[in-house]
Amino acid sequence: MPREEYQVPSGSTGGATRMTMNPAETNYSMVYRCGDCGGAVTLAKDALVACPHCAGRVLYKERTKRMVQFEAR
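Definitions and limits used
Position labels on residues start from 1 in each chain and follow its written sequence. This being a predicted model, a pLDDT of at least 70 is required before a residue's local features are given, and a value of 80 or more before pairs of side-chain atoms are given or counted; all residues contribute to the totals for chains, interfaces and linings. Only hydrogens and water are removed before side-chain values are computed, so all heavy atoms of the structure are retained for them. The quantity known as pLDDT measures the predictor's confidence residue by residue, on a range of 0 to 100. Comment: elements are numbered from the N terminus, with helices defined as DSSP H or I runs of at least four residues and strands as E runs of at least two. Only protein chains enter the accessibility calculation, which uses a 1.4 Å probe. A residue is then buried if its area is under 20% of the maximum for its type, exposed if over 50%, and partly exposed in between. Should DSSP find at least two bridges between two strands, the strands are regarded as paired.

Let us look at the confidence of the model for the chain. With 68% of its residues at a pLDDT of 70 or more, the chain has an overall mean of 77. No element of the chain has a lower mean pLDDT than strand S1 (residues 29–34), which averages 88, and none a higher one than strand S3 (residues 59–61), which averages 92.

Dropping the structure here:
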């Protein structure tokens, strides 16, 4: 990705992948995309891996919006 196309992420999470970290609440949750219907699915740590909209069992984690750069040697 050329540098001109890169957009600096704002301070908000933007709904991509979110992890709630409240010290009083120890339940973590992640946002995934359903492979069948494309809906957003929020799963807790011990939740059943299934889409509540279509009961699809294939969920994808969204890619990060951060720029990732590797140094080749």
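This part covers the pairing of strand S2 (residues 40–44). Residue alternation in S2 divides its side chains into a buried set, Val41 and Leu43, and an unburied set, Ala40, Thr42 and Ala44. Sheet analysis places S1 next to S2, joined by five bridges and oriented antiparallel. In the sheet register, Arg33 faces S2, and the bridge partner there is Ala40. Here S1 hands over to S2 after five residues, with Gly38 in that stretch at a positive phi of 80°.

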